[in-house]
Amino acid sequence: MTDYNKGKIKSVAGPLVIAKGMRGCEMYEVVRVGNEGLMGETIKLIEDLAYIQVYEDTTGLKPGEDVIRTGAPLSVELGPGIITNFYDGIQRPLLAIKEKSGDFIGRGIDVPSLDPEKKWDFRPIAKEGDELQGGDFLGEVDESKVIAHKIMVPPGKKGKVAEIKSGAFTVNEVIAVLDDNGDKVELTMKQKWPVRIGRPFKEKLDPKEPLLTGQRIYDTFFPIAKGGTAAIPGGFGTGKTVSQHQLAKWADSQVVVYVGCGERGNEMTEVLMTFPQLDDPNTGEKLMERSTLIANTSNMPVAAREASIYTGVTIAEYYRDMGYDVALMADSSSRWAEALREISGRLEEMPGEEGFPAYLGTKLADFYERAGRVLTAGSEKRMGSVSIIGAVSPPGGDFSEPVSQNTLRVVSSFWALDTNLADRRHFPAINWLTSYSLYLDFVRNWYDENIDKEFMVIRGDMMAILEKESELQEIVQLVGQDALPEADRALLEVARMIREDYLQQHAYHEVDSYCPKEKQFLMLKVIVKFYTEVKKAIELGISANRITGVKIKDEIARMKYEPNQQFSKRYEELIKSIESEFESLRNQ
Amino acid sequence: MKDKDLKSREYRSVTQVAGPLMIVEGVEGVAYGEVVHIRTPGGEERMGQVLESQENLAIVQVFEGTRGLDTDETRVRFSGDIMRISLSKEILGRSFDGLGRPIDGGPELIPEASLSITGAAINPTARAYPDEFIQTGISTIDGMNTLVRGQKLPIFSGSGLPHNDLAAQIARQATVLGSNEPFSVIFAAMGITHEEANFFMNSFESSGALERIVSFINLADDPAIERIITPRMALTTAEFLAFTYDTHVLVILTDMTNYCEALREISSAREEVPGRRGYPGYMYTDLSTIYERAGRIAGRKGSITQMPILSMPDDDITHPVPDLTGYITEGQFVLSRELHRKGVYPPVDVLPSLSRLMNEGIGEGKTRADHLGVSDQCYSNYAEGRDVRSLVAVVGEEALSERDRLNLKFADAFERQFVTQGPDENRTIEQTLNLGWELLSEIPEGELKRIDAKYIDQHYKKASPAKTGE
Ligand SMILES: Nc1ncnc2c1ncn2[C@@H]1O[C@H](COP(=O)(O)OP(=O)(O)O)[C@@H](O)[C@H]1O
Ligand SMILES: [Mg+2]
């Protein structure tokens, strides 16, 4: 009799293994490959041949070794214990891997994603007799100091609560039993979900609120909405990773999923080192208390890298379903695309542009489509969101390549990093002329109501100054600054102030690293005040040279380093100093 | 039994030889990555490795070239093992060829360990973040783009530029302040000339450090495909010394462009879909398995610092080799032909240069509290000065504002005094920072926006004229 659950390796080349005798195996089914049981996933089927991408190094595999089917697609385990954890691309906890294989990652290591021993204190929310459906809350668990983890009825399950427990349980113990028309449905605190399929929700809603990041360039100029998508493309060293780290630290989402996809090991270590130390300005607790990390560094297996962003987004959707605003950072989506290309190349698929498979665009769109603000599943009316921010690493820093272009097509905020700015240490090196946000109109109301009606108006004025500056710069390049009218020379000074004193924001400065919206607004008003006084002085015929020599400029330059809490006091002082210095200028 | 096994794994069934590849048919149980021993009809022994294993067929890359192989008498023996290197503490002071065979006339090592050269990824939870300042004695490095222990920081260069002098100077002068643990240097040469290799050896010798050096040498006229193996031999040795013997190791890999060309040669022989400029699409991943082997591990004393050197074809930093390298390494030193022409040594262009790990390695208790400010400020004024320099060419000096004039002067002085130093000049970090202050003191105080006011009070116009190291 043929054993349909088992095949044999036919060939091995890099991460791709072809197995025979696999008839009946499903697409995207997880299989165990070779004597060490390396984990893999089928990505193409021809008759009885299965093409398998293997999530671990395949060195030493031989034709003839067994390939065993598991009957299940690549899935993540969802339940308490994800927050503060640190996973590889296929949701294996890296600390557990270290316990088994030491400082270097070994092969064939099988560790559960959620700690099977740990007991969680389960508090029921549902009561016996309640009629529940997928997405409804059974109860909750304090997963971390800030995350109340809602235990939900998994999608597709339903019934009347026949039994619900209370107390300390592991993720594998039954905590509730539903009666689905006579069928007993036993539920634990853990559910599984295939990573390549988005979790269900009721309805997608328009974005409304900004995802505030404490970074002036985004919040003021190019906001992303909660549930929105953004891309940060840039050549190496332009600041993609620092930007992503800054967003993961300071964005006002309740949960952060950080995916290090094919990037450096030390950058992950840095996150591990700093997040448990830093305070979250929104909760006062440590940042780690709301974060989970997925690290599949560049030298870890390339197929697991391909899977890592799906692992990340599935986890993000799960917390969204509880009603949280979740932000997912993927650094870098280009490495994911390259993994896709490598596998596609091994499958000998017809290559598209630059060797990427023709379906690159579709896959990217599918991924970003999993972002959104939604009405979640469940009978209660509940909103949650997943925002996705992807770094893009274009070869040679040239945005015309396929990953950048396909990403541009699907994201709504575009934060273009610029090598020129980075070379002169203007950080964040986001080019204010080429970047954009399509969320401006969606979130304008929110700014009016929650900061000030003036905010967006000032933003527009500032942008206009910066645009004018770039026109003037072209003239200066030809004839020198002296040839400009006084008013234009003064404007250049204000533009410089916006660039250096407002847009530049030092990620490693203890104060400047995070700039709350109130401070952003006051800083803007200081610059507006300065500009108003400058214009007045010009009208009175005071020369641009004298104007640009004012001392107050130096103080304005330091306002970003003023402690955030006391800033409104400092603001009053600055406004007074500006008035008095210009007054004496006029009286001279 | 064992003998029979060995014998049965010897074949004479080579059916195809093309480029660096060979196809052997009728084989059985060949492992992916298995090492292959080849005997040519002429009786020469060569080494290869399985790139693809099918049921009855293996595709083998031959490291020492396929010249002289045939499809008749060539014998192929599958070793049953993956590629390894035998290591012991006695390796210090020894020289090997690109495949790890002694070339110094010394005996084979008595191995303490035989390690797979592929290495395994360090678990990110096991890493210790690099934060120990390495003083190289070179101002543009120590002051502007600081190197730390466990960092991977390449030199991007071009033909004819003095990258070797710079690398050798770093290897000679590098110290960690307040520590007298010695560095070992592992030198991996891929396709460089005899002169270049000799230059390094003489430099190591003159610093009396030969017994701390291990070298793996593949020269320009050595087999190209060997270069795939050379850096991995070197890095496995580095890991052994660093993590078994608590040694701080500096690994110099030169020239990575030659390594990448070997990779391209194999890829095109396999008729793979080429990526940019014919380099394989997986080159990023491949390079990462080399560069990511730098680092520190929590709870272990040793460290691996990597300094790859690569030449940028046409001085083009967007070429795939520097580009993909820069995406993996923790910064880069970029050498500039223009500075070199002007007689600036070392001709490091600080603007595109970067050390990503600098922040953790500098400041109070490590270098000096004002370090970050000085570096940021010098960057800013130098960048502006460079802009002005190109502007002057168009509009003339008269059209410049006072601020522009000062920045222009700063840029010139920065290149002449700060960047420029002798190939044997070893400056302390104090000297470097004071030199920075000396130049910054020419800029009006109020313009120094990047430096905390308290450091301006301490150092502005107070720097004693920098004395250079004896
Ligand atoms: N906001 C910032 N503040 C200060 N330094 C920054 C900032 N953004 C980037 N940098 C500097 O630029 C370097 C490179 O940034 P990184 O994010 O690692 O680049 P990328 O990921 O694009 O290669 C960092 O090591 C840091 O020195
Ligand atoms: Mg990065």
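As the structure is a computational prediction, the values presented were derived from the model and not from experiment. Just so you know, the residues in each chain are numbered from 1, in the order the chain's sequence is written. As they are written, the chains are lettered A onward and the ligands numbered 1 onward, keeping that order. Note on the predicted model: pLDDT of at least 70 is required for a residue's local features to be given, and 80 or more for side-chain atom pairs to be given and counted; whole-chain, interface and lining totals, by contrast, use all residues. Side-chain metrics rest on all non-hydrogen atoms present in the structure, leaving aside hydrogens and water.

## A look at the site of ligand 1
So, point 1. What makes a residue near a molecule or strand is one non-hydrogen atom of that residue sitting within 4 Å of it. Lining the immediate environment of ligand 1, one finds 16 residues, of which G237(A), K240(A), T241(A), V242(A) and R356(B) sit closest.
So, point 2. Proximal residues around ligand 1 fall on chains A and B, making this an inter-chain site.
So, point 3. Within the backbone of T238(A), one N or O atom sits 3.4 Å away from an oxygen atom of ligand 1.
So, point 4. In this structure, G239(A) approaches ligand 1 through a main-chain N or O atom, which is 3.0 Å from an oxygen atom.
So, point 5. Isolated, ligand 1 exposes 560 Å² of accessible area, and the fraction of that covered by the protein chains is 92%.
So, point 6. In terms of residue count, helix α3 (residues 240-250) of chain A provides more of the shell around ligand 1 than any other element does, three residues in total.
So, point 7. Each residue is assigned to one class: nonpolar for Ala, Val, Leu, Ile, Met, Phe, Trp, Tyr, Cys and Pro, charged for Asp, Glu, Lys and Arg, and polar for all the others, Gly among them. Per-class residue counts for the shell around ligand 1 are seven nonpolar, seven polar and two charged.
So, point 8. When we break the shell around ligand 1 down by domain, the ones giving at least three residues each are domain 3 (201-439) and domain 4 (454-587) of chain A. N or O atoms closer than or at 3.5 Å make up a polar contact, with two conditions inside protein: a donor-capable atom paired with an acceptor-capable one, and, for residues adjacent in sequence, both atoms drawn from side chains. Under the convention used here, a 1.4 Å probe and the Shrake-Rupley method define accessible areas, while residue burial counts only the protein chains that appear. Put simply, DSSP H or I for four residues or longer makes a helix, DSSP E for two residues or longer makes a strand, and each gets a number counted from the N terminus. How far each domain reaches was decided by an automatic or database domain assignment.

## Looking at the pairing of strand β24 (residues 383-392) of chain A
Residues and elements named next belong to chain A.
So, point 1. Within β24, nine of the ten residues are buried, which leaves the element mostly enclosed by the surrounding structure.
So, point 2. Pairing geometry for strand β22 (residues 325-331) and β24, over six bridges, is parallel. Along β24, the bridge assignment pairs D325 with S385.
So, point 3. Across four bridges, the pairing between strand β23 (residues 372-376) and β24 is antiparallel. Residue pairing across strands places L375 opposite M383, the latter belonging to β24.
So, point 4. Connecting the antiparallel pair β23 and β24 is a turn made up of six residues, with G378 showing a positive phi of about 115 degrees. Working definition: with a 1.4 Å probe on protein chains only, accessible area under 20% of the residue-type maximum means buried, over 50% means exposed, and in between means partly exposed. Pairing between strands is defined by DSSP: at least two bridges between them are needed.

## With respect to the packing of helix α11 (residues 371-395) of chain B against helix α12 (residues 402-419) of chain B
All names here are of chain B.
So, point 1. With their axes 7 Å apart at the nearest point, α11 and α12 run at an angle of 110 degrees to one another. Between α11 and α12, the crossing angle belongs to the class labelled roughly perpendicular. On α12, the residues touching C378, N381, Y382, E384, G385, R386, V388, R389 and V392 of α11 are R403, D404, N407, L408, F410, A411, D412, F414 and E415.
So, point 2. Of the residues that constitute the contact of α11 with α12, the class distribution is eight nonpolar, three polar and seven charged. Interaxial angles span 0 to 180 degrees and are taken between N-to-C directions of axes, which are lines fitted to C-alpha atoms, for helices over the stretch in contact. In these notes the angle categories are as follows: under 35 degrees is roughly parallel, over 145 is roughly antiparallel, 65 to 115 is roughly perpendicular, and the rest is oblique. A contact between two residues is defined here by any heavy atoms of the two lying within 4.5 Å.

## Notes on the nonpolar core
For soluble globular proteins, the rule of thumb is that nonpolar side chains tend to be buried together.
Residues and elements named next belong to chain A.
So, point 1. Grouped together as the largest cluster of nonpolar side chains are 90 residues, with contacts concentrated most on I389, W415, F530 and F582.
So, point 2. Top element by residues in this core is helix α13 (residues 517-539). It accounts for eleven residues.
So, point 3. Leaving out residues up to four positions away in the same chain, I389 has contacts with L211, I224, A230, I232, Q244, L247, L328, M329, A330 and W415.
So, point 4. The nonpolar core is taken to be a set of buried Ala, Val, Leu, Ile, Met, Phe, Trp, Tyr and Cys residues, with the residues joined through side-chain atoms within 4.5 Å. Listed in part, the 77 residues of the second largest apolar core include I151, L178, L340 and A371.

## What to know about the sheet that holds strand β14 (residues 167-169) of chain A
All names here are of chain A.
So, point 1. Taking strand neighbours across the sheet as the criterion, the four strands line up as β12-β11-β9-β14 in an open arrangement whose pairing is antiparallel. Each of the sheet's edge strands pairs with one partner strand only, and the pair in question is β12 (148-152) and β14. Shown here is a sheet whose adjacent strand axes are inclined to one another by a mean of 40 degrees, direction ignored.
So, point 2. Note that strand β11 (residues 137-142) and β12 share five bridges and pair antiparallel. Within β12, the position partnered with V141 by the bridge is H149.
So, point 3. Strands β11 and β12 of the sheet are contacted by helix α5 (residues 302-321), whose axis makes an angle of about 90 degrees with β12.

## Describing the pattern of salt bridges
So, point 1. For this analysis, a salt bridge means a side-chain nitrogen from Lys or Arg found within 4 Å of a carboxyl oxygen belonging to Asp or Glu. Counted by the stated rule, this structure contains 81 salt bridges over all chains.
So, point 2. For D316(B), the salt bridge identified is with R277(B), shortest N-O distance 3.0 Å. With D316(B) in the loop between β19 (303-311) and α8 (320-328) and R277(B) in the loop between α6 (256-269) and α7 (283-291), the pair connects residues that are 39 residues apart, well separated along the chain.
So, point 3. Accessibility expressed as a relative area gives 45% for R277(B), which makes it partly exposed.
So, point 4. What you see here is one network of salt bridges that share partners, running through R496(A), E500(A), D501(A), E384(B), R403(B), E447(B) and K449(B).

## Considering the interface of chain A and chain B
So, point 1. Contacts between chain A and chain B engage 76 residues on the former and 78 residues on the latter.
So, point 2. By buried area we mean how much accessible surface two parts lose on assembly, using a 1.4 Å probe and totalling the loss over both. Roughly 6,300 Å² is buried in total at the junction of chain A and chain B, and carbon and sulfur atoms are behind 52% of that figure.
So, point 3. Summed over the shared surface of chain A and chain B, the number is six salt bridges.
So, point 4. Put simply, K449(B) and D501(A) hold a salt bridge, and the shortest N to O gap is 3.8 Å.
So, point 5. Remark: the boundary between chain A and chain B carries 36 residue pairs in polar contact (both at pLDDT 80 or more).
So, point 6. Those elements giving two or more residues to the side of chain A that touches chain B turn out to be β1 (6-13), α1 (94-101), α4 (265-274), α5, α6 (333-346), α11 (453-479), α12 (486-503) and α15 (552-557) of chain A.
So, point 7. When residues in the side of chain A that touches chain B are grouped by element, the largest group, eight residues, is from α4(A).
So, point 8. Of the residues that constitute the side of chain A that touches chain B, the class distribution is 26 nonpolar, 24 polar and 26 charged.
So, point 9. Bridging between β1(A) and strand β5 (residues 45-54) of chain B involves two bridges; their strand directions are antiparallel. Paired with S11(A) across the strands is Q54(B), a residue of β5(B).

## Description of the pairing of β19(B)
All names here are of chain B.
So, point 1. Among the nine residues that make up β19, nine are buried, leaving the element largely enclosed by the rest of the structure.
So, point 2. Burial along β19 is two-sided: the residues S303, T305, M307, I309 and S311 and I304, Q306, P308 and L310 are all buried.
So, point 3. Examined bridge by bridge, strand β18 (residues 295-297) and β19 share two bridges and lie antiparallel to one another. Within β19, the position partnered with G295 by the bridge is I304.
So, point 4. Hairpin connection between β18 and β19: a loop of five residues separates the two successive antiparallel strands, and G299 in this loop has a positive phi of roughly 85 degrees.

## Regarding the packing of aromatic side chains
So, point 1. Classification of ring pairs uses Phe, Tyr and Trp, with its six-membered ring standing for Trp, and accepts pairs whose centres are within 6.5 Å; under 30 degrees between planes counts as stacked, over 60 as edge-to-face, and the remaining range as tilted. This structure, assessed with the given rule, holds 27 aromatic pairs over all chains.
So, point 2. Each ring, one from F236(A) and one from F156(B), has its centre 6.3 Å from the other, and the planes form 80 degrees; the classification is edge-to-face. Note that F236(A) is positioned in the loop between β19 (229-233) and α3 and F156(B) in strand β14 (residues 155-157), a pairing that runs across two chains.
So, point 3. By relative accessible area, which is 13% here, F236(A) ends up buried.
So, point 4. According to the relative accessible area criterion, F156(B) is buried, its value standing at 0%.
So, point 5. On the basis of an interplanar angle of 35 degrees and a centroid distance of 6.0 Å, the ring pair of F455(A) and F521(A) is categorised as tilted.

## What to know about the sheet that holds strand β13 (residues 159-164) of chain A
Residue and element names in this part refer to chain A.
So, point 1. Judged by pairing direction, the sheet is antiparallel, and its four strands sit side by side in the order β10-β13-β15-β16 without closing on themselves. The open sheet has two edge strands, β10 (131-132) and β16 (183-187), and neither has a second partner.
So, point 2. Note that β13 and strand β15 (residues 176-180) share four bridges and pair antiparallel. Residue pairing in the sheet places K160 in a bridge with D179 of β15.

## Considerations on a nonpolar patch on the surface
Residues and elements named next belong to chain A.
So, point 1. A grouping of M27, Y28 and L45 is seen on the molecular surface, where their side chains present a nonpolar patch of about 230 Å² in accessible area.
So, point 2. When you line up the elements, L45 lands in strand β4 (residues 38-46).
So, point 3. Judged by relative accessible area, L45 falls into the partly exposed class, the value being 34%. Think of a patch as exposed residues, more than 30% relative accessible area, with no salt bridge, where like charges cluster within 9 Å and nonpolar side chains (Val, Leu, Ile, Met, Phe, Trp, Tyr) cluster within 5 Å.

## Section: the domain arrangement of chain A
So, point 1. You can read the domains of chain A as domain 1 (6-74), domain 2 (120-192), domain 3 (201-439) and domain 4 (454-587).
So, point 2. Between the C-alpha centres of domain 2 of chain A and domain 4 of chain A the distance comes to 57 Å.

## Brief notes about the confidence of the model for chain B
All names here are of chain B.
So, point 1. Note: pLDDT gives the predictor's confidence per residue, expressed from 0 to 100. Confidence in the prediction for chain B averages 92 pLDDT; 96% of positions are at 70 or higher.
So, point 2. Across residues 466-470, where pLDDT falls below 50, the model places nine contacts with residues more than four positions away in sequence or in other chains.
So, point 3. As a predicted assembly, this complex carries a pTM of 0.95 together with an ipTM value of 0.93.

## Here's the deal with the environment of K62(A)
So, point 1. Examined against the element boundaries, K62(A) turns out to sit in the loop between β5 (49-54) and β6 (66-73).
So, point 2. Separated by 269 residues in the primary sequence, K62(A) and D331(A) have C-alpha atoms spaced 34 Å apart.

## Thoughts on the packing of helix α3 (residues 163-173) of chain B against helix α4 (residues 194-206) of chain B
Residues and elements named next belong to chain B.
So, point 1. With their axes 10 Å apart at the nearest point, α3 and α4 run at an angle of 25 degrees to one another. Considered as vectors, α3 and α4 are oriented roughly parallel to each other. Once α3 is placed against α4, the crossing between them reads as right-handed. Contacts between α3 and α4 involve H163, N164, D165, A167, A168, A171 and R172 from the former and E196, F199, F200, S203 and F204 from the latter. Each crossing gets its hand from how the near helix is turned against the far one by less than a right angle, where anticlockwise is left-handed and clockwise is right-handed.

## A look at the side chain of T311(A)
All names here are of chain A.
So, point 1. One can find T311 in helix α5.
So, point 2. From its side chain, T311 meets the backbone oxygen of G89 in a polar contact 2.8 Å long.
So, point 3. Residue contacts for T311: discarding those within four places in its chain leaves V76, G89, I90, Q91, V195 and I294.

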